[in-house]
Amino acid sequence: MARRQTRTAAVCLARPPSGGPPRSLAFAAPFKVAKRPPADTTAAKPAAQAAPYIPVTLVGKVFYVVMQTTSAFVNGSILGALVGVVTGAWGKKTWVGARTEAMSAARSWGGISGVYTGLTVFTKAVRGVDDNYNAVIGACGSGAVFSLQSGPRAALQGCATFALFSYVVDMFAKPRE
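Keep in mind it's a predicted model, so treat the numbers as computed, not measured.

Q: Residues and numbers for helix 1 (residues 58-92), please.
A: With 35 residues, helix 1 extends 49 Å from end C-alpha to end C-alpha; this agrees with the ideal 51 Å at 1.5 Å per step. Downstream of helix 1 by one or two residues, Lys93 has phi in the positive range, about 60°.

Q: Could you give an account of the packing of aromatic side chains, with specific residues and numbers?
A: Taken as a whole and judged by the stated rule, the model has 1 aromatic pair. Relative to Phe162, the ring of Phe146 has its centre 6.2 Å away and its plane inclined at 40°; by these criteria the two rings are tilted. One end of the pair, Phe146, is in helix 3 (residues 132-147); the other, Phe162, is in helix 4 (residues 152-173), and 16 residues separate them in sequence. By relative accessible area, which is 46% here, Phe146 ends up partly exposed.

Q: Pulling in residues and values, what's your account of the state of the cysteines?
A: By the definition in use, this model includes 1 disulfide. A sulfur-sulfur distance of 1.6 Å marks the disulfide that ties Cys140 to Cys159. The chirality of the disulfide connecting Cys140 with Cys159 is left-handed, given an S-S dihedral of about -70°. On the criterion of sequence distance, the pair formed by Cys140 in helix 3 and Cys159 in helix 4 is long-range, its members being 19 residues apart. On the basis of relative accessibility, which here comes to 22%, the residue Cys140 falls in the partly exposed class. Judged by its relative accessible area of 14%, Cys159 is buried.

About the thresholds
- Residues numbered from 1 in each chain as written.
- Predicted model: local features only at pLDDT ≥ 70, side-chain atom pairs only at ≥ 80, totals over all residues.
- Heavy atoms only, no water.
- Helix = DSSP H or I, 4+ residues; strand = E, 2+ residues; numbered from the N terminus.
- Expected span 1.5 Å × (residues − 1).
- Phe/Tyr/Trp six-rings, centres within 6.5 Å; stacked < 30°, edge-to-face > 60°.
- Buried < 20%, exposed > 50% of the residue type's maximum accessible area, 1.4 Å probe, protein only.
- Disulfide = S-S within 2.5 Å.

Here you go:
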């Protein structure tokens with residue numbers, strides 16, 4: 001690796017004899033100015049991806065899972081409420097209808113995103129690996145919870161559907177290594 005070259009320089013403002021504003025810069029007092037090393041133009045290097053954060057201690061893992069799950073629930077609830085207000089106002093044309101629709105959508109979206117993120121982060125913390133299977137497990141759990149009111153068969157179908165959809169999206173969205 002090339003050694004960085006430095007030079008000493010300082011800035012002092014030169015005032016013209018007429019007493020007006022400074023017109024030029026003169027280098028007089030010492031400070032270090034680093035020169036950039038020459039750019040390597042032979043080959044483009046791919047950007048290094050940062051390693052995922054996986055806590056080590058049990059307390060760190062619990063705190064990480066709880067914080068990620070809570071923030072996902074809150075974000076999902078806010079987005080669901082916004083969508084619910086729009087769809088409720090569009091369909092029911094009253095404030096009461098919009099509010100009812102917003103509360104229902106906030107519960108649904110918040111629950112799905114909270115369960116998905118909670119299971120995904122929990123799986124990542126337990127396994128110690130960040131890969132597509134964590135997302136598949138989270139999607140399976142959120143699909144099962146979302147469809148649970150319709151019975152166990154619907155919960156299994158919801159699990160399989162959400163997990164398959166998550167796997168397919170992750171295969172196309174994430175770059176291959």
